[in-house]
Amino acid sequence: MWTQPRLEWPASLDVSSLLSSGWRPSPFVEFIVKVHSRCDLACDYCYMYEMADQSWRDQPRAMSPEVADLTARRIGEHAAAHGLSHITLILHGGEPLLAGRDLIATLVGATRAAAGSGTTVTVQVQTNGVGLSDAYLRFFDELGARVGVSIDGDAAAHDRHRKFANQRGSYVAVAAALRRLQRLPHLYSGLLCTIDLRNDPVRTYQALLEFEPPKIDFLLPHGTWAAPPPGRDTDPDRTPYADWLIAVFDYWYLRPRTRIRLFDEIMHLLLGGVSNSETVGLAPAQMVVIETDGTIEQVDTLKIAFAGAPATGLHVARDPLDAALRLPQVAARQIGKRALCAQCRTCAIHEICGGGMYSHRYRSGSGFANASVYCPDLMALICHIRDRIEADLTARRARMAAG
């Protein structure tokens, strides 16, 4: 059921004026398809099931083959309209493996057919890992799909939150799946780890390294000004999440055995590059979500803000994906500095921080026209990384000058 968006910013954003001024939307290049709306875990911090938006209750459990075909056609139509040479199809949920191999094969095959020979379709699966069997890995190998797995560190850290409905921890099953995935490195895209301040940062990083990931994403727990994340109070002098991440950064920086996406993105931005992540930087967001019933939505982490926050009122049966690009709530995530609040626009590091993750800016009344609830942490982390890089560059220049 579609919920009318609240009349908070960016509802007042005038897209017609933006277009008249010469701004043009950036096409979607990441298509997050919710092939299954339920999960076989009951993680207590899950933004899908445990936070403000409970629309999953109204979704069919699995996407039908008919909706999968319509979804593929809309993606192909969008790629053709914008001349996209490469797009990414992300199979998501809930837990996507619950959808079964037939539905996944149907969606992937139909999307590649609809995109045509001029567009490469990269397929990514994001799974909790408990159902990642050898049979599924063979299937993903045949499909040419890469697999990312969520795991929060060692057994104690992981099982604190990532449990089955009967409260039994899932670490043993996930670790076994990762050992299978390690044997197929061409399928292995990386790990997602949600930070818990109670877990030792370096020990958590070392526990993840045991699975030889090509990349790690450390995720800040989702929260807003209305519902702050654990340990993030209003004291701007306290930076618990920066302290946690800085401990990992300092260890990783001297012995970088894998990529850590957040650190890579911040360093890339500090050196003049453009971010490829929605967590930092001012690059336009180019992802769209298609739910199991075919509704077209914004990025799903918006579900932490309020009921109906990701809604667009669009559906693949009647609307092209281009229709979403003209919506204020989508345009707001593509206009860079103009979407930042006054506090952020005057901040010395706003081009690096980018206001933080859009979902984390929500406050009732002012909507998303706020700094991130993680503002002090982002400031401390970015400044620490900047100072470390500047010190290294200064030392290198001194060595070169000395001959």
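Residues numbered from 1 in each chain as written. Predicted model: local features only at pLDDT ≥ 70, side-chain atom pairs only at ≥ 80, totals over all residues. Heavy atoms only, no water.

Visitor: Can you tell me about the overall build of the protein chain, naming the residues and giving the values?
Guide: Counting its regular elements, the protein chain contains 14 helices and ten strands. Over its C-alpha atoms the protein chain spans a radius of gyration of 21 Å, differing by no more than 12% from the 22 Å that the globule rule assigns to 403 residues. Dimensions of the protein chain, computed from the C-alpha atoms along their principal axes, are close to 65 × 55 × 45 Å. Considering the protein chain as a whole, with its 403 residues, one finds that 55% of them fall into the buried category. At a minimum sequence separation of 6, the contacts of the protein chain that also span at least 24 residues come to 72%. Entry remark: accessible area of the protein chain is about 17200 Å², with carbon and sulfur atoms responsible for 53%. Counting 42 positive and 43 negative side-chain charges, the protein chain places the averaged centre of each group 2 Å from the other. (Helix = DSSP H or I, 4+ residues; strand = E, 2+ residues; numbered from the N terminus. Rg over C-alpha atoms; globule rule 2.2 N^0.38 Å. Buried < 20%, exposed > 50% of the residue type's maximum accessible area, 1.4 Å probe, protein only. Contact = heavy atoms within 4.5 Å. Areas by Shrake-Rupley, 256 points an atom, 1.4 Å probe, with all protein chains shown as cover. Lys, Arg positive; Asp, Glu negative; His and termini not counted. Charge placed at Lys NZ, Arg CZ, Asp CG, Glu CD.)

Visitor: Which residues make up the sheet that holds strand E6 (residues 215-219), and what values go with them?
Guide: Across the sheet, which stays open at both edges, the ten strands sit in the order E7-E6-E5-E4-E3-E2-E1-E8-E9-E10 with mixed pairing between neighbours. Only two strands of the sheet have a single neighbouring strand rather than two, namely strand E7 (259-260) and strand E10 (311-315). Across two bridges, E6 lies against E7 in parallel orientation. Looking across to E7, one finds that Lys215 is bridged to Arg259. Along the sheet face, helix H6 (residues 171-182) touches strand E4 (145-150) and strand E5 (188-194) and points at about 150° away from the line of E4. (Pairing = 2+ DSSP bridges. Axes fitted to C-alpha atoms, helices over the stretch in contact; angles between N-to-C directions.)

Visitor: An account of the state of the cysteines is requested, with residue identities and associated values reported.
Guide: The tally for this structure, following the rule as stated, stands at zero disulfides. With no disulfide of its own, Cys46 lies 6.3 Å from the sulfur of Cys43, the closest cysteine sulfur. Here Cys46 falls in the buried class, since its relative accessible area comes to 18%. Cys193 takes part in no disulfide bond, and the closest cysteine sulfur, belonging to Cys43, lies 12 Å away. (Disulfide = S-S within 2.5 Å.)

Visitor: Describe the pattern of salt bridges, listing the residues and the values that go with them.
Guide: What the rule picks out here adds up to 19 salt bridges. Across the salt bridge formed by Arg198 and Asp196, the nearest N and O atoms sit 2.9 Å from each other. Take Arg198: its relative accessible area is 58%, and that puts it in the exposed class. Given a relative accessible area of 9%, Asp196 falls into the buried group. Between Asp377 and Arg232 there is a salt bridge, and its shortest N-O distance comes to 2.5 Å. Within this pair, whereas Asp377 is found in helix H14 (residues 375-402), its partner Arg232 is found in the loop between E6 and helix H8 (240-254), the two being separated by 145 residues in sequence. No difference in accessibility class separates Asp377 from Arg232, as the two residues are buried. A network of salt bridges, in which partner residues are shared, links Asp53, Glu291, Glu297 and Lys303. (Salt bridge = Lys/Arg side-chain N within 4 Å of Asp/Glu carboxyl O.)

Visitor: If you had to explain the packing of H8 against helix H9 (residues 261-270) to someone new, which residues and values would you point to?
Guide: Between H8 and H9, the shortest axis-to-axis distance is 11 Å and the interhelical angle comes to 80°. By the angle class used here, H8 and H9 are roughly perpendicular. Residue-level contacts link Leu245, Val248, Phe249, Trp252 and Tyr253 of H8 to Leu262, Phe263, Asp264 and Met267 of H9. Grouping the amino acids of the contact of H8 with H9 by side-chain chemistry returns eight nonpolar, no polar and one charged. (Parallel < 35°, antiparallel > 145°, perpendicular 65-115°, else oblique. Nonpolar A, V, L, I, M, F, W, Y, C, P; charged D, E, K, R; others polar.)

Nothing here speaks to function; it is all geometry.
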